[in-house]
Amino acid sequence: MIFDTHAHYGDEQFDEDRDELLAGMADAGVGTIVEIGASMQSSRDAVRLAEKYPFVYAAAGVHPDHVGELNEEAMEELRQMCRKEKVVAVGEIGLDYHWDTEPREVQKHWFIWQLNLARETGLPVNIHSRDAAEDTMEIMKEHAKGLGGIIHCFSYSREMAKEYVKMGFSIGVGGVVTFKNGRKLKEIVKEIPLEKLVLETDCPYLAPEPNRGRRNDSRNIHFVAQQIAEIKGIDKELSLIHISEPTRLALIA
Ligand code: NI
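Residues numbered from 1 in each chain as written. Predicted model: local features only at pLDDT ≥ 70, side-chain atom pairs only at ≥ 80, totals over all residues. Heavy atoms only, no water.

A. Region of interest: the packing of helix H4 (residues 104-121) against helix H5 (residues 133-143). Taken N-terminus to C-terminus, the directions of H4 and H5 make an angle of 35°; their axes are 11 Å apart at the nearest point. Seen from above, H4 lies across H5 with right-handed handedness. Residues Lys108, Phe111, Ile112, Leu115, Asn116 and Arg119 of H4 pack against Asp135, Thr136, Ile139, Met140 and His143 of H5. Looking at side-chain class alone, the contact of H4 with H5 contains five nonpolar, three polar and three charged residues. (Axes fitted to C-alpha atoms, helices over the stretch in contact; angles between N-to-C directions. Helix = DSSP H or I, 4+ residues; strand = E, 2+ residues; numbered from the N terminus. Left-handed = near helix turned anticlockwise from the far one by under 90°. Contact = heavy atoms within 4.5 Å. Nonpolar A, V, L, I, M, F, W, Y, C, P; charged D, E, K, R; others polar.)

Next up, the structure:
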């Protein structure tokens with residue numbers, strides 16, 4: 001069964017058919033989904049979705065683009081969310097210097113605060129990092145030791161992937177690995193042990209080939225698993241089992 005470690009079913013692109021789609025997941029071979037919060041509201045929605053569907057779990061956290069909304073009250077609310085039974089990670093949190101929506105110092109401040117929240121609540125983290133390789137690594141080294149979790153939609157170098165794995169993190173692989181311009185990620189997949197790779201969609205975004213450009217959902221992970229299996233020279237089913245199970249245990253334990 002597929003384990004989608006990173007989904008956004010709260011997105012308005014699913015407003016028309018969210019329940020219908022989720023109701024059909026088991027029949028499509030999708031066993032577990034982690035719905036990822038990116039703002040206070042989407043974190044609340046993620047918790048609600050997880051409470052509604054037994055196979056959905058939630059991550060609560062504020063994405064670097066939205067850290068401007070954090071304050072004392074929000075901090076307390078996030079803390080409470082992270083203690084809920086179906087919340088399995090703090091995320092997605094990190095740095096985004098591509099959009100630079102919030103000042104970098106502000107992004108760093110709240111990234112560190114949320115890493116500390118993960119430590120305080122005993123949860124792993126789901127990391128978003130774009131065009132901020134050095135600063136992310138520096139902060140992770142200082143504040144994320146032993147936390148565990150996933151570097152989502154990994155877009156950095158092979159060396160850095162190995163470094164994160166050495167630090168106990170898993171590498172999130174999604175649709176990009178099927179793209180023609182996904183060569184760098186393919187090389188990383190080749191080198192990193194299967195048990196340190198995890199499957200993700202980031203749906204509704206980043207649909208894999210042959211559905212690139214369309215709305216993505218967890219059923220498409222088959223194409224990602226197929227690509228990983230080809231790169232690794234193994235059976236697709238084997239890649240699914242090996243990729244899915246360790247994360248499942250890590251996230252739900
Ligand atoms: Ni995401």
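B. The arrangement of the side chain of Asp96 in detail. Here Asp96 lies in strand E4 (residues 87-96). Buried charged residue Asp96 carries no salt bridge. Nearest counter-charge: Arg130, at 5.2 Å. Within polar-contact distance, the side chain of Asp96 engages the backbone nitrogen of Trp99 at 3.0 Å. (Buried < 20%, exposed > 50% of the residue type's maximum accessible area, 1.4 Å probe, protein only. Lys, Arg positive; Asp, Glu negative; His and termini not counted. Salt bridge = Lys/Arg side-chain N within 4 Å of Asp/Glu carboxyl O. Polar contact = N/O pair within 3.5 Å; in protein donor to acceptor, adjacent residues only side chain to side chain.)

C. Main features of the sheet that holds strand E7 (residues 169-173). An order of E1-E2-E3-E4-E5-E6-E7-E8 is seen for the eight strands of this open sheet, with the pairing classed as parallel. The sheet is open, and its two borders are formed by strand E1 (2-7) and strand E8 (197-199), each paired with just one other strand. Averaged over all neighbouring strand pairs, the angle between strand axes comes to 30°, with direction disregarded. With three bridges connecting them, strand E3 (residues 56-60) and E4 associate as parallel partners. The residue bridging Ala60 from the neighbouring strand is Val90, located in E4. Relative to E3, helix H2 (residues 40-52) is tilted by about 160°, and along the sheet it contacts strand E2 (30-36), E3 and E4. (Pairing = 2+ DSSP bridges.)

D. Representation of the pattern of salt bridges in the model. Counted by the stated rule, this structure contains 17 salt bridges. Between Arg18 and Asp15 there is a salt bridge, with its nearest N and O atoms 2.5 Å apart. Using a relative accessible area of 18% as the deciding quantity, one classes Arg18 as buried. The shortest N-O distance in the salt bridge between Arg79 and Glu120 comes to 3.0 Å. Remark: Glu120 occurs in helix H4 and Arg79 occurs in helix H3 (residues 72-82); sequence separation between them is 41 residues. Through salt bridges with shared partners, a single network forms among Arg158, Lys162, Arg183, Glu187 and Glu191.

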